[in-house]
Amino acid sequence: MAFSPEELERYSRHIILKEVGVKGQKKLCAAKVLIVGAGGLGAPAALYLAAAGVGTIGIVDADEVDLSNLQRQIIHGTSDLGRPKVESAADTMRDINPHVTVKTYQEFLDSANIMDIIADYDFVIDGVDNFPTKFLINDACVMAGKPFVHAGIIRFKGQLMTYVPGQGPCYRCVFHDMPPKDAVPTCKQAGIIGAIAGIIGCLEALEAIKYICGIGELLCGRLLTFDALKGDFHTIKLPPRDPNCAVCGDHPTITELIDYEQPECADAQHGSAL
Amino acid sequence: MAKKEYEVADTVDITDQVCPMTFVVAKAALAELEIGQVLRVYLADGEPMLNVPRSFRDDGQQVLALTPAGDGTYDLDVKKLEEE
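Residues numbered from 1 in each chain as written. Chains lettered and ligands numbered in written order. Predicted model: local features only at pLDDT ≥ 70, side-chain atom pairs only at ≥ 80, totals over all residues. Heavy atoms only, no water.

Asks: Could you give an account of the interface of chain A and chain B, with specific residues and numbers?
Replies: Of the residues lining the interface, 14 residues belong to chain A; the matching set on chain B comes to 14 residues. Approximately 1,100 Å² of surface area, both sides summed, lies buried where chain A meets chain B, with 65% of it carried by carbon and sulfur atoms. Here chain A and chain B share two salt bridges between them. When the shortest N-O distance is used, the salt bridge between glutamate 82 of chain B and lysine 18 of chain A registers 3.0 Å. (Contact = heavy atoms within 4.5 Å. Buried area = accessible area lost by both parts, 1.4 Å probe. Salt bridge = Lys/Arg side-chain N within 4 Å of Asp/Glu carboxyl O.)

As structure tokens, then:
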């Protein structure tokens, strides 16, 4: 279907790009992306994907907007305090781009619901703040053959990597298992500079856009790290897929999804976002 | 005017558009054609006449002719060589 004059103007800066063009914009408009977490990472990712015209955006978060969120979760405003984050995020996305269909999931992701939720989507964005959900997203995406981008942020640092089935290691190949309790502080304890969430969340949106349009080189088999204080981006080449990986290996030992316990120190809720 | 050795599959008028919508509208029209088909673009003198053919070339398409229409506008014939 041809674009309307309004759509041509809205997406003109994409269409001018040789790498995107009309074809790429049509792919974006037909794409379905699930963003897990409407927090620090999910907020900028959702804003840019809505602005880019991604046809269907799902957003998962069980939490409500809290005053301490507003320092970095830029999809929510002061007038949204106390509202469900998914509703606040959906309103902002629809205001930016009414062409986008937003689906909201105000619930915690767990082993019982994640497969049903991700099934409808082409690409998943990990915007969560806790290891149990990061491993859950990885394992579910591996089992479902679903590409996703992982990201993590803390203090002044961030990292991300992309998993595409058959094209490199999964999150568990690289990080293996849950860190010991209390080994890693939550952002609530450690603090986080707001703009780092913006940078890394935008990089997640870019990975989704590149995947959908089939352009450039994804961060498959590579881990990008950013140190804001040093102003340094690094890309580390990762080892190939681990044939002994517990979930994506040749003889996986994890064949059912696991609901790990939260670290005792963390009162962040399961599935909530940074 | 010499007879053109190709058929024009479609036309688009961008004389009332301003940059960058000139090229965007023309590019969207070309996107609807098949590889090898020719689009005729009616464009205004000045910036569109300079920029639109160059943008099509940058996209990998073939500019066949840029002909003054006699009324201050131009006819630009572009052959689609690749999907963009």
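Asks: Tell me about the packing of aromatic side chains, residues and numbers included.
Replies: For the coordinates displayed, the defined rule picks out nine aromatic pairs over all chains. Geometrically, the ring pair formed by phenylalanine 23 of chain B and phenylalanine 56 of chain B is edge-to-face, given 5.0 Å between the ring centres and 75 degrees between the ring planes. In this pair, phenylalanine 23 of chain B sits in helix H1 (residues 21-31) while phenylalanine 56 of chain B sits in helix H2 (residues 47-58), placing the two residues 33 residues apart along the sequence. With a relative accessible area of 1%, phenylalanine 56 of chain B lands in the buried category. A network of ring pairs unites the aromatic residues Phe135, Tyr171, Phe175 and Tyr260 of chain A as a single cluster. (Phe/Tyr/Trp six-rings, centres within 6.5 Å; stacked < 30°, edge-to-face > 60°. Helix = DSSP H or I, 4+ residues; strand = E, 2+ residues; numbered from the N terminus. Buried < 20%, exposed > 50% of the residue type's maximum accessible area, 1.4 Å probe, protein only.)

Asks: I'd love a proper account of the pattern of salt bridges, names of residues and values included.
Replies: Residues and elements named next belong to chain A. Per the counting criterion, the structure on display carries 13 salt bridges over all chains. A salt bridge links glutamate 6 to arginine 10; the nearest nitrogen and oxygen atoms lie 3.1 Å apart. Remark: arginine 10 and glutamate 6 occur in helix H1 (residues 5-10); sequence separation between them is four residues, near one turn of the helix. Look at glutamate 6 and you get partly exposed, because its relative accessible area is 37%.

Asks: Tell me about the nonpolar core, and name the residues and values.
Replies: All names here are of chain A. Within the largest apolar cluster, 43 residues are counted, with the highest numbers of intra-cluster contacts made by Leu49, Ile59, Met93, Ile125 and Ile200. For this core, the element with the highest residue contribution is helix H10 (residues 194-213), accounting for nine residues. Once residues within four sequence positions are removed from consideration, leucine 49 is found in contact with Val33, Ile35, Val54, Ile57, Ile125, Ala205, Ala208 and Ile209. Ranked by size, the runner-up nonpolar core spans 29 residues in total, among them Val60, Ile137, Val142 and Tyr171. (Core = buried A, V, L, I, M, F, W, Y, C linked by side-chain atoms within 4.5 Å.)

Asks: Any details on the environment of methionine 161 of chain A? Residues and values, ideally.
Replies: All names here are of chain A. Here methionine 161 shows up in strand E6 (residues 157-163). Overall, methionine 161 belongs to the buried group, its relative accessible area being 2%. As a C-alpha pair, methionine 161 and threonine 225 span 64 residues in sequence and 9.1 Å in three-dimensional space.

Asks: Quick one: what's the story with the state of the cysteines, residue by residue and with numbers?
Replies: All names here are of chain A. The final tally for this structure, using the stated rule, is zero disulfides over all chains. In this structure cysteine 170 is not part of a disulfide, and its nearest cysteine sulfur, from cysteine 248, lies 3.7 Å away. Of the cysteine sulfurs around cysteine 213, a residue in no disulfide, the closest is that of cysteine 29, at 9.7 Å. (Disulfide = S-S within 2.5 Å.)

Asks: Kindly report on the pairing of strand E2 (residues 56-60) of chain A, identifying the contributing residues and their values.
Replies: Residues and elements named next belong to chain A. Within E2, five of the five residues are buried, leaving the element largely enclosed by the surrounding structure. The alternating pattern of E2 places Thr56, Gly58 and Val60 on one face and Ile57 and Ile59 on the opposite face, and all of these are buried. As for the winding sense of the linkage, the β-α-β connection from strand E1 (residues 32-36) through helix H4 (residues 42-51) to E2 is right-handed. Taken together, the five bridges between E2 and strand E3 (residues 101-105) define a ladder with parallel strand orientation. Within the sheet, the bridge partner assigned to glycine 58 lies in E3 and is lysine 103. A crossover links E2 with its parallel partner E3, the connecting element being helix H5 (residues 85-96), and its sense is right-handed. (Right-handed = clockwise from strand over helix to strand, strands pointing away. Pairing = 2+ DSSP bridges.)

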